[in-house]
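# Structural features, examined
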Amino acid sequence: MAIYALLDFDTLQKYNISIKDFCLTAKGLKAKILQYRDKNSTLEEKKQRLMEIKKYWKKPLIINDTVELLLFCDGIHIGQEDLAYLCKKYDLTKLELIRKLKSGKLNSQFSIPNSQFIVGLSTHNKKEILEANKLPLDYIGLGAYRPTTTKDTDNILGENVINLINFSNHPVAVIGGVKIYDKIPSKFKVIGSDICRLTSSRLKKKKIFKRKLKNI
């Protein structure tokens, strides 16, 4: 299973680490994809941070939720609530919406010709997985695997996630409290906080080493 790195900006602030340091750790872990999630910043702030991420990350880059910034990424990940909201906003069926996101042609103001974007959708149970099977998605997110501090959830799947994976026709990215060394039979394991913890530990060790060198 491959690592799918989740750069959650609030978590970066909690651990006091930079975008650069997170990306370097993700690269060191040989992550295949990176998703940028930021629930509290302005659109312009998100855009600037995307530009910074792209300085250090050259593999597929996914934006969470914010369709206005798809132009600057390789794809988008949306949740169930986002899917319903966007369908209502643009007066589209779920199938029509996913097709337009993949082609970059959501509306006349948001159109990127000759493009093909990655689209992922969050799922939490068998019913949502079966509904997702009807859509031309590139992958689904499935969770939460464990309780997590980065997102409120009362839907903890635990080991049941292994059974649910089998119902998906799409590649599965297991999310929610996933650790770097967890062994889950899915295409991807989505890791955010554990990368932050590893990054923070690495930086602390680096500082200690530098102090020791000064004292030699």
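Described below are features of the structure shown in this document. (Residues numbered from 1 in each chain as written. Predicted model: local features only at pLDDT ≥ 70, side-chain atom pairs only at ≥ 80, totals over all residues. Heavy atoms only, no water.)

Time to look at helix α5 (residues 94–103). What α5 keeps buried is the set L97, I98, L101 and K102. Taken around the axis of α5, the buried residues stretch over an arc of 130 degrees, which confines them to a single face. Against β4 (75–78), α4 (80–90) and β5 (118–123) lie the buried residues of α5. Residue G104 follows α5 closely and has a positive phi angle near 75 degrees. (Buried < 20%, exposed > 50% of the residue type's maximum accessible area, 1.4 Å probe, protein only. Helix = DSSP H or I, 4+ residues; strand = E, 2+ residues; numbered from the N terminus. Arc of directions from axis to C-beta. Contact = heavy atoms within 4.5 Å.)

What follows deals with the nonpolar core. A general trend in soluble globular proteins is that nonpolar side chains are found buried together. Residues L7, F22, L34, I53 and L101 are the most contacted members of the largest nonpolar core, which totals 57 residues. Per-element tally for this core: the top contributor is helix α2 (residues 19–28), with 4 residues. Residue contacts for I53: discarding those within four places in its chain leaves L7, I19, C23, L34, Y36 and L61. With 9 residues, the next largest nonpolar core counts A2, I33, I62 and A173 among its residues. (Core = buried A, V, L, I, M, F, W, Y, C linked by side-chain atoms within 4.5 Å.)

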